[in-house]
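Tertiary structure, described
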Amino acid sequence: GDAAGAIAINVDELIVTNGGRISSTSLATVSPAGSAGRILIQGQSGIGSYAQTVTLDNSAISASANGGQGGTIEIKASNLDLRNGSRVLASSQGNNNAGGITLTSNDKIGIANSTVSTLARQASGGNITLTAPNIVRLVGANFKSSVFGPAGSSGGNISIDTIGPQFVVMQGKS
């Protein structure tokens, strides 16, 4: 099957609200099943630049594959804010690994009552990485790397850059 398309959004400000979705999905299950596409959100200048603001409010970003390799999600923003049940998900339903999720800020990341997760039904999960030099604030935030695969499959790593942030604040059931 064919791979899902990649999505690149070069923007100064992105606000996704009220159940809005950005997704790249490969539905093929028959071998060779296509991979999910990469989702990249970054600044207007393109590669290596940061959007000023990316906000998800009760919305979702997902890269998923039914049979192929899971897609990756990378968001680069000065101010990155996920809130009110927003979800960022990279998944694979078949025997290929889930993609990874990288949230990078050159200022701050805030995640409130939202979920960042990777899921692999029959393989290994992807890594989740958060990087921000000033503050990572987690209020009721959920991070999951779920694996339902056979022996030898493993969950992805979940990490917050410990070199950069001056503060990591965890409140509620984060």
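Please read all numbers here as calculations on a predicted model, not as lab measurements.

What follows covers the sheet that holds strand 11 (residues 115-120). Reading across the sheet, the five strands line up as 3-6-8-11-14 and stay open at both edges, with parallel pairing between neighbours. Of all the strands in the sheet, just strand 3 (21-26) and strand 14 (142-147) have a single pairing partner and so form its edges. Between one strand axis and the next, the sheet turns through 0 degrees on average, direction left out of account. In this sheet, strand 6 (residues 60-65) lies alongside strand 3 in parallel orientation, the contact comprising six bridges. Of the residues in strand 6, the one forming a bridge with Arg21 is Ala60.

What follows is about unusual backbone geometry. With a phi angle near 55 degrees, Asn58 is a residue other than glycine that sits in the positive phi range. Note that Asn58 resides in the loop between strand 5 (51-57) and strand 6. The class for Asn58 is partly exposed, based on a relative accessible area of 38%. You will see that Asn113, though not glycine, has its phi angle at about 50 degrees, which is positive. Counting through the fold element by element, Asn113 comes out in the loop between strand 10 (108-112) and strand 11. Residue class for Asn113 comes out partly exposed when judged on its relative accessible area of 46%.

Here is what the cut-offs are and how they apply
Chains are numbered independently. Their residues run from 1 in the order of the written sequence. The model is predicted, so local features are restricted to residues of pLDDT at least 70 and side-chain atom pairs to those at 80 or more, both for listing and for counting; the totals for chains, interfaces and linings are taken over all residues. Side-chain metrics in this entry use all non-hydrogen atoms of the structure; hydrogen atoms and water are not considered. Should DSSP find at least two bridges between two strands, the strands are taken to pair. Secondary structure elements follow DSSP: runs of H or I of four or more residues count as helices, runs of E of two or more count as strands, with numbering from the N terminus. Throughout, an axis means a line fitted to C-alpha atoms (over the contacting stretch in the case of helices), and angles, computed between N-to-C directions, take values from 0 to 180 degrees. When a residue's accessible area, from a 1.4 Å probe over protein chains only, is under 20% of the maximum for its type it is buried; when over 50% it is exposed; and in between it is partly exposed.

Such coordinate-based values are descriptive only and should not be taken to indicate function.
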